[in-house]
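Descriptive structure summary
Next come the chains, spelled out residue by residue.
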Amino acid sequence: MLNVGNKVLQQLAALLLERAGLKITLDGYHSLRLALSTRMPVLGLSDPEKYLQKLMSVSGEEELRALLPLVTVGHTEFFRDAKQFRALEQSVLPELLARARREMRKVTIWSAGCATGEEPYSLALVMAELGALAVEVDLWATDLNLAAVEAARQGRFTTRRAMAIGPERLKRFFRPVEDGYEASPILREYIRFDGQNLAVPVFDKVAPASLDLILCRNVIIYFDLPTIRALMDRFLAALRPGGLLFLGYSESLFKVYDRFEMIEVDGAFVYRRPLGERPRPPPPLAPMASELRPGSPESFAVELRQRMQAGAETAARLRTDAASARGPDAPVRRPTLEMPALGALAGRRTGEFPSVRPEPARTGEFPAIKVDPTRPGEPPRRTATTGSFAAVRVDPPASRPLTEAVPVRPSGSWPQLLPPAERLNMAVRKMAQGDFPGAIDGVKRLLVDEPSDLDALLTLGNLYSLTGRIDEARETFGQALQREPLCVEARVFGGVAAMQAGSLTEARSELAKALFLEPTLAIGHYLLAQVQERTQDFEAARRSYRNAVAQLKYPQRPLAGHYPEMLDSAEAISRAARYALAALEEQPG
C-alpha cells in the first residue's frame, strides 16, 4: 500500500471536513490510504504531498469529488446489518449448505463490493461454524478498488474494527497481531479475492445460473438507474432459480427492476430469482461511466444519484396508502417532499420558508403481505418455497379506489410484522394530520426495531425541527451522517432546520456541503437561494435561483426522509424559482 505520512492524511482529512462535511477519524486513515492508492496513479502522481496540492488548487474540486466515493466505500464492518446476518446464520446459509450437499456440489456465494473484506470473512466464519469445509464453499469476494482487495486478502483488522466479531470467535478464527487481529489461514481458505467492475456489460468469470447467493450491499447507491437495471439483469442471470440477492438496507428495486420477487426471511427483506421465471429480452446496455468526464460534477452526481433512491422510492409508494391490505381504504397524502407551488407562494415574501400544513389526499398503493383470505384476523402464513427456510412473499396489489377513512391507531400500537417503510408511512400520516407527538413516537418505535432505517432517521430529524427541537434535530442528522457519511439529505434537511432556527450561517454551510456532494440537486440550489435572500445577499440569491432552474436538465431524484411542503417535482421547483427570481429582479443589489 502507498506510504503516506500522517501530516498529509491530517491535511486531507481537514479538507474533506471543510468541503464535504466528511469527518475522518484516526481509524479512518486506513480508508484514506486505500483511496489515495487508487486515485494517485490515475493522475500519474507518486508524491502524496503533490496530490494534496492538486486537491487544494482551484482545479482540484473535480478530483476531490472523484476521491470521495473511494473514501467512504471502505466503510464496512463485520456482521453488518444484524437482521440480515441473523437470516443468513439461522436460515439461508444452513439451507444452501444442505441443498448443495444433496446435489453434491459447492455452495456458491458472491460478495460483490467487499471493500476491505469484513463481509466475506463474516460469511466464511458462519460457514465454518455450520461445519462446512473450505472445499465445500466457493466464496468469491470482489471490489473495484484493487488496493482494498489486497488489504482484504491480507485479512488484518484493527482492534476497533474487530470488536464486532466477539471474543469467542476472535479466539477461534483470528490471531492477535500488532495493532489488531489477523484472520487464520483456515478462515482465509474459504475466500478467493478478486478485482471486478460491476458496471461492465458481461461478467466473464461468472457462469449463468451458477450462484446460490449474491450480497451486493451499499453498492448500487453509487449507480444511476440504467446501470442498476443492467446490473440486476446480470445478477439475475448469474443466480440459480430460487437464488437470493441481498441488497443494503436503504437499497430497493421498487420501480427500478421487477424481475426479482421480494421475500421476507427471519425479519429481513431479500430478493429471489423466481423458480419459474419467463425469459425476457435484456434491456439495452447501460451507458458506461466513461462516457462522462471522470470527476466532473455530472459524473459525481450520477454516482451518488441512487444513494437513497431505494429507501425513498419504496417509502414514496408505501406512504400513499398504509391500509389497503388490512381494511377500508382511506385518502392519504403524497410523498412529503413538496413545498408550495406557484399559487401557494403568491401570498408570501420571496425569502420566507413555507409553513407546515397538511396536504390534500392522493391515491396510491403499497405491497401487502399475503394473508389467508379465510382467516383475515390471523398473521400472514409463512411458506417454505425456497428450501426449508420460512419466507413471506411481498407483492404489490392492484390499486383500488380510496373511499373511506382508516381508524387511527393508538400511538402505542405500531405493528411490527409490517415492512419498515409501511410503518414509517403510518407516522407520516400522523404528521399530515398534525399529530406530531404521535408521529415522533411512531418513528422512534420504528428505529428501536430498525436502527439502520435511514429514511426513518431523517424523518425523525425533520419532525424534531418542525416542532422546534433544533438540538435534537441536529443530533439526529448527525446520526444519519455517521450511518451514511455522504448523506446529501442530512445536509439539506440540516440546512432547513438551521434556517428555521434563524441560524443562517449554519444553514448556508450545510446546503453548500450538500451541493458539493451533489451539484445537480436543484432543490439544494433553491434552498440556498432562500438563505441568501434572508441575509440580503440578493446577487448570490439570483445566481442560486438560476442554478436551480439550470440543474433541472438533469434527472432529479426523490429525497429520502419526509418533510411536509417540500418541492418534489421539476415543474414545481422551476415555477417557484422563476417566481422568486422575478421578484428579486425588482430588488436592488
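Model, not experiment: these values are computed from the prediction.

Below, the discussion takes up the overall build of the protein chain. Secondary structure summary: the protein chain contains 23 helices and twelve strands in total. Looking at the 589 residues of the protein chain, the share that counts as buried comes to 57%. For the protein chain, the proportion of contacts with a sequence separation of at least 24, taken over those separated by at least 6, is 76%. A total accessible area of about 25000 Å² is found for the protein chain, and carbon and sulfur atoms account for 54% of it.

What follows is about the environment of Ala 456. Take Ala 456: it is sitting in helix H17 (residues 454–466). The class of Ala 456 is buried, set by a relative accessible area of 0%. C-alpha separation for the pair Ala 456 and Lys 444, spaced twelve residues apart in sequence, amounts to 8.3 Å. Apart from the residues within four sequence positions on either side, Ala 456 is in contact with Leu 424, Val 443, Leu 446 and Leu 447.

For the structure on display, the rule yields 14 aromatic pairs. With a centroid separation of 5.2 Å and an interplanar angle of 75°, the aromatic rings of Phe 79 and Phe 85 are classed as edge-to-face. An identical accessibility class is assigned to Phe 79 and Phe 85; each is buried. Joined through ring pairs, the aromatic side chains of Phe 78, Tyr 121, Phe 157, Phe 174 and Phe 193 make up one cluster.

So, about the nonpolar core. As a rule of thumb, nonpolar side chains are buried together in soluble globular proteins. Core analysis: the biggest nonpolar cluster contains 88 residues, and Leu 16, Leu 32, Leu 67, Leu 458, Ile 523, Tyr 526 and Tyr 545 have the highest contact counts within it. In this structure Leu 16 touches Gly 21, Leu 22, Ile 24, Leu 32, Leu 64, Leu 68 and Val 71, once residues within four positions along its chain are discounted. Tyr 121, Val 137, Tyr 190 and Phe 246 belong to the second-largest nonpolar core, a separate cluster that totals 46 residues.

On to helix H16 (residues 436–449). With 14 residues, H16 extends 20 Å between its outermost C-alpha atoms, agreeing within 8% with the 20 Å of an ideal straight helix rising 1.5 Å per residue. If you follow the buried residues of H16, they end up packed against helix H15 (420–432) and H17. N-capping of H16 is provided by Asp 435, with a side-chain oxygen placed 2.9 Å from the backbone N of Gly 438.

Below, the discussion takes up the pattern of salt bridges. This structure, assessed with the given rule, holds 31 salt bridges. The closest approach of N and O atoms between Arg 175 and Glu 182, which form a salt bridge, is 2.7 Å. Residue classification places Arg 175 among the partly exposed positions, given a relative accessible area of 43%. For the salt bridge of Asp 233 with Arg 259, the shortest nitrogen-to-oxygen distance reads 3.0 Å. Pair noted here: Asp 233 is in helix H11 (residues 225–238) and Arg 259 is in the loop between strand E8 (239–247) and strand E9 (261–265), with a separation of 26 residues, a long-range link. The class for Asp 233 is buried, based on a relative accessible area of 13%.

One open sheet accounts for three strands, arranged E3-E5-E4; its pairing is antiparallel. Lying at the two open borders of the sheet, with one neighbouring strand each, are strand E3 (156–158) and strand E4 (174–177). Neighbour-to-neighbour, the strand axes of the sheet open up by a mean angle of 30°, direction not taken into account. Pairing between E4 and strand E5 (residues 180–183): four bridges, direction antiparallel. Within E5, the residue paired with Arg 175 across the bridge is Glu 182.

Right, let's talk about the environment of Arg 161 for a bit. Tracing the chain through its elements places Arg 161 in helix H8 (residues 159–162). Sequence separation between Arg 161 and Thr 76 is 85 residues; the distance between their C-alpha atoms is 8.9 Å.

Considering every residue of the protein chain, the mean pLDDT works out to 78; 74% of them sit at 70 or more. Taken as a whole, residues 281–388 scores under 50 in pLDDT and shows 301 contacts with residues more than four places along the chain or in a different chain. Here residues 396–416 is modelled with pLDDT under 50, and outside its nearest four sequence neighbours on either side it reaches 55 contacts, counting other chains as well.

Next up on the list: the environment of Asp 471. Its place among the elements puts Asp 471 in helix H18 (residues 470–483). The sequence separation of Asp 471 and Ala 498 amounts to 27 residues, and the corresponding C-alpha distance is 9.9 Å. Here Arg 474 takes part through its side chain, which lies 3.1 Å from a polar atom of the side chain of Asp 471.

Glancing now at the packing of helix H22 (residues 538–550) against helix H23 (residues 570–584). Remark: H22 packs on H23, axes separated minimally by 9 Å, with the N-to-C direction vectors making an angle of 155°. What the angle tells us is that H22 and H23 run roughly antiparallel. Two packed elements cross with a definite hand, and for H22 against H23 that hand is left-handed. Facing Phe 538, Ala 541, Arg 542, Tyr 545, Arg 546, Ala 548 and Val 549 of H22, the residues of H23 in contact are Ser 574, Ala 577, Arg 578, Ala 580, Leu 581 and Leu 584. Here the contact of H22 with H23 is composed, by residue class, of nine nonpolar, one polar and three charged.

One non-glycine residue, Ala 115, lies in positive phi territory at about 55°. When you line up the elements, Ala 115 lands in the loop between strand E1 (107–112) and helix H6 (118–129). Residue Asp 179 is not a glycine yet carries a positive backbone phi of 65°. Within the secondary structure, Asp 179 sits in the loop between E4 and E5. Judged by its relative accessible area of 60%, Asp 179 is exposed.

Moving on, we come to the pairing of E5. Relative to E5, E3 runs antiparallel, the two sharing three bridges. When the sheet's bridge partners are listed, Arg 156 is paired in E5 with Glu 182.

So, how was this worked out
- Residues numbered from 1 in each chain as written.
- Predicted model: local features only at pLDDT ≥ 70, side-chain atom pairs only at ≥ 80, totals over all residues.
- Heavy atoms only, no water.
- Helix = DSSP H or I, 4+ residues; strand = E, 2+ residues; numbered from the N terminus.
- Buried < 20%, exposed > 50% of the residue type's maximum accessible area, 1.4 Å probe, protein only.
- Contact = heavy atoms within 4.5 Å.
- Areas by Shrake-Rupley, 256 points an atom, 1.4 Å probe, with all protein chains shown as cover.
- Phe/Tyr/Trp six-rings, centres within 6.5 Å; stacked < 30°, edge-to-face > 60°.
- Core = buried A, V, L, I, M, F, W, Y, C linked by side-chain atoms within 4.5 Å.
- Expected span 1.5 Å × (residues − 1).
- Polar contact = N/O pair within 3.5 Å; in protein donor to acceptor, adjacent residues only side chain to side chain.
- Salt bridge = Lys/Arg side-chain N within 4 Å of Asp/Glu carboxyl O.
- Pairing = 2+ DSSP bridges.
- Axes fitted to C-alpha atoms, helices over the stretch in contact; angles between N-to-C directions.
- pLDDT = per-residue confidence, 0-100.
- Parallel < 35°, antiparallel > 145°, perpendicular 65-115°, else oblique.
- Left-handed = near helix turned anticlockwise from the far one by under 90°.
- Nonpolar A, V, L, I, M, F, W, Y, C, P; charged D, E, K, R; others polar.

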